[in-house]
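Now for the letters of each chain:
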Amino acid sequence: MKKAIHQRLLAWYDIHGRTLPFRGTKDPYRIWVSEIMLQQTRTETAGGYFLRFTQRFPDVFALADAEEQDVLKMWEGLGYYSRARNLHKAAKKVAYEWNGVFPADYEQLLSLPGVGEYTAAAVASIAFDLPYPAMDGNLTRVLSRVHGVRKDVGIPSVKRQLLALAQKDMPSKRCGDFNQALMDLGASLCCPGTPDCDKCPLKSLCDACREGDADLLPVKAIQKPPLEIEMAVLIITCKNKILLSQRKEALLKNLWVPPLAEDVSTETEVKNTLGKMGLIPLSITPLEQAKHVFSHRVWHMQLWHVETEEAKEKAGLWFTYEQMQSLPIPTAVKAARAAAEHILAPEVNFLPLQEHRSLIRDTARVYCESWQHAHRDHATPEMKKEYTPLFMEMILRSHLDSEKAVYALQANGQIAGVLVLDKKQNELCTLYIHPHSQGKGIGTKAVQFAIGQLDRHRDMKVTALEKNPHATHLYQKSGFTLPSARTLLNKEYDLWEQTLIRPGEKE
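This write-up is about the structure you can find in this document.

Scoring rules and cut-offs
- Residues numbered from 1 in each chain as written.
- Predicted model: local features only at pLDDT ≥ 70, side-chain atom pairs only at ≥ 80, totals over all residues.
- Heavy atoms only, no water.
- Salt bridge = Lys/Arg side-chain N within 4 Å of Asp/Glu carboxyl O.
- Helix = DSSP H or I, 4+ residues; strand = E, 2+ residues; numbered from the N terminus.
- Pairing = 2+ DSSP bridges.
- Axes fitted to C-alpha atoms, helices over the stretch in contact; angles between N-to-C directions.
- Contact = heavy atoms within 4.5 Å.
- Parallel < 35°, antiparallel > 145°, perpendicular 65-115°, else oblique.
- Left-handed = near helix turned anticlockwise from the far one by under 90°.
- Nonpolar A, V, L, I, M, F, W, Y, C, P; charged D, E, K, R; others polar.
- Core = buried A, V, L, I, M, F, W, Y, C linked by side-chain atoms within 4.5 Å.
- Buried < 20%, exposed > 50% of the residue type's maximum accessible area, 1.4 Å probe, protein only.
- Arc of directions from axis to C-beta.
- Polar contact = N/O pair within 3.5 Å; in protein donor to acceptor, adjacent residues only side chain to side chain.

## Observations regarding the pattern of salt bridges
(1) Moving on: Counting across every chain of the model gives 22 salt bridges.
(2) Moving on: Of the charged contacts, one joins Glu369 and Arg365 as a salt bridge, the two residues approaching to 3.7 Å between their closest N and O atoms. Here Arg365 and Glu369 lie together in helix α16 (residues 360–374), a separation of four residues that amounts to about one turn.
(3) Moving on: Two residues, Glu505 and Arg502, come together in a salt bridge whose shortest N-O distance is 3.2 Å.

This is the structure we're talking about:
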């Protein structure tokens, strides 16, 4: 049966295996980074972060030499930030103690900070073809069904039983592919709930399929519900700056957040909290509510905007909008961040060029300068010569002639960028922000404006260069996700374009 399992599974994987940004490499550094990211993170989300992270830190030495705040900033939005801190510590050990060489040894990999049995097995098998099962949720689910394990998989003895079964199924070669095949099978066919057994390559070998109880496996004990916490989030501004503090607590340690106050729910309680901080409010305005679920607690947050007359630093430091963008701010307070950006960011006007044709030439110049800046590292010399202001003006006029919606982005009385929408195809075709106007929230406002102009109930599409991680991050913040589709634009420059989709909202 062992031979049948891995033969069938690998044959299926060769045809149906997922194409992912971190697949197809034997580089242990890149495999390690991706596996740390994939802990507690959806594969679709991790892909974009992986590309940005490895572009910023292309090898273990670059990561080891970085400041922790830079690492946390690149991790921003992935959550579980202890992963990033341990990643940084482990990089220092590999770089400084092991001369940058990851060992082809499971036990040594296991000694790295933040590396547990799963990650050590994944790196060992994928990078070095060592026969170690990478026991994640997918493997646990698949193997419990295939082998008919009907005991609580959280019990240590049952975990050991599944590990022994996985070890027995492991082939002598292509160990990494076998682990990834089990992951892909669990993610695509042998899913939680009702699996698609008819398409499964292991159907005839699966005990649970034969017994008809695959939907009941694996068996898991009911977990204790997380602690519910009421939290006031104080967005305190003064003279176009915001007050933020760096967390010292274990949860979200070293990340920057607005002042947080547990069990504070009324305006009077907010005033009392501000008094303890030495701040005198000019106004206190309740904003929206938000919720964030951690593994062991849930924050129910009420956002408050507080304007104060004096920027005292008793409870933190004051930052401008631009300075705030460089800080690692956790997803847990993303609603507060968005509210702060809205308060601090410049007003942006979206001027339709169909009605403001006198602006076409200035918009084309900004378009050209923005394009040249965005593509400075990866466009061919021929492309850079071709993309002149006159050429960009021709492009804008062709968009208008084809009835696309073309907008000049205006901030502080100046043209700051260009936006093109194809409402028929429900696509954000073009978005460029001039380099002098970047880092001020204009891009975020433009994407939100585009979403409002397009049909929310249909899938929206946008394309971005794979080597432009900032654009990818901008779109992902607004709900666009990365599918597996990639298009090669220029083989010589290894230039790829990727398509992102924002799923249509239900009525």
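## A few points about the sheet that holds strand β12 (residues 460–465)
(1) Moving on: Across the sheet, which stays open at both edges, the seven strands sit in the order β8-β9-β10-β11-β12-β14-β13 with mixed pairing between neighbours. Sheet topology places β8 (348–352) and β13 (486–490) at the edges, where each strand pairs with a single neighbour. Taking the axes of each pair of neighbouring strands and ignoring which way they run, one obtains an average angle of 30° across the sheet.
(2) Moving on: Pairing geometry for strand β10 (residues 414–422) and strand β11 (residues 427–433), over six bridges, is antiparallel. Within the sheet, the bridge partner assigned to Leu421 lies in β11 and is Leu428.

## Points about the environment of Pro133
(1) Moving on: Tracing the chain through its elements places Pro133 in the loop between α8 (117–128) and α9 (137–146).
(2) Moving on: Along the primary structure Pro133 and Phe391 are separated by 258 residues, whereas in three dimensions their C-alpha atoms are 56 Å apart.
(3) Moving on: If near-sequence neighbours (up to four positions away) are discounted, Pro133 is found in contact with Ala121, Leu163, Ala166, Gln167, Met170 and Asn179.

## Quick look at the packing of helix α2 (residues 28–38) against helix α6 (residues 82–97)
(1) Moving on: Contact geometry for α2 and α6: axes closest at 10 Å, N-to-C directions at 160°. Judged by the inter-axis angle, α2 sits roughly antiparallel to α6. α6 is crossed by α2, and the crossing has right-handed handedness. Along the contact surface, α2 presents Trp32, Val33, Ile36 and Met37, while α6 presents Arg83, Leu87, Ala90 and Ala91.
(2) Moving on: Classifying every residue of the contact of α2 with α6 by side-chain character gives seven nonpolar, no polar and one charged.

## Observations regarding the nonpolar core
(1) Moving on: Membership of the largest hydrophobic core comes to 104 residues, with the highest contact counts inside it found for Trp32 and Phe53.
(2) Moving on: The dominant element in this core, judged by the number of residues it contributes, is α8, at eight residues.
(3) Moving on: The residues contacting Phe53, other than those within four sequence positions of it, are Tyr29, Val33, Met37, Leu63, Val71, Met74, Trp75 and Leu87.
(4) Moving on: Counting residues in each nonpolar core, the second largest holds 27 residues, with Leu419, Leu428, Ile433 and Leu474 among its members.

## A word on unusual backbone geometry
(1) Moving on: The omega torsion across Leu217 and Pro218 is 0°, close enough to zero to call that bond cis.
(2) Moving on: Along the polypeptide, Pro218 turns up in the loop between α12 (207–211) and β1 (227–238).
(3) Moving on: The phi dihedral of Gln40 falls on the positive side, at around 65°, and the residue is not glycine.
(4) Moving on: Topologically, Gln40 is positioned in the loop between α2 and α3 (43–56).

## Focus on helix α13 (residues 267–276)
(1) Moving on: Turning to α13, its buried residues number three or more, namely Val270, Thr273 and Leu274. Looking down the long axis of α13, one finds its buried residues gathered within 100° of arc, a one-sided arrangement. Of the exposed residues in α13, the ones pointing more than 90 degrees away from its buried face are Thr268 and Lys276.
(2) Moving on: In this structure, the buried side of α13 is in contact with β1, β4 (260–262), β5 (281–293) and β6 (297–308).
(3) Moving on: Looking at the residues trailing α13, positive phi occurs at Gly278, about 75°.

## What about the side chain of Asn254?
(1) Moving on: Position of Asn254 among the secondary structure elements: in the loop between β2 (241–246) and β3 (256–257).
(2) Moving on: Only 2.6 Å separates the side chain of Asn254 from the side chain of Glu68, close enough to count as a polar contact.
(3) Moving on: Beyond its immediate stretch of four places on either side in the chain, Asn254 contacts Glu68, Gln69, Leu72, Arg85, Gln246, Arg247 and Pro328.

## A word on the environment of Glu117
(1) Moving on: Tracing the backbone shows Glu117 in helix α8.
(2) Moving on: Distance in space between the C-alpha atoms of Glu117 and Thr45 is 23 Å, their sequence separation being 72 residues.
(3) Moving on: Those residues in contact with Glu117 that sit more than four places away from it in its chain are Tyr106 and Leu110.

## Some points on the packing of helix α19 (residues 442–453) against helix α20 (residues 469–477)
(1) Moving on: Direction vectors running N to C along α19 and α20 enclose 50°, while the axes themselves pass 10 Å from each other. When the interaxial angle is binned, α19 and α20 end up oblique. Our pair here, α19 against α20, has a crossing hand that is right-handed. From α19, Gly443, Thr444 and Val447 reach across to α20, where they touch Leu474, Tyr475 and Lys477.
(2) Moving on: Along the lines of polarity and charge, the residues of the contact of α19 with α20 split into three nonpolar, two polar and one charged.

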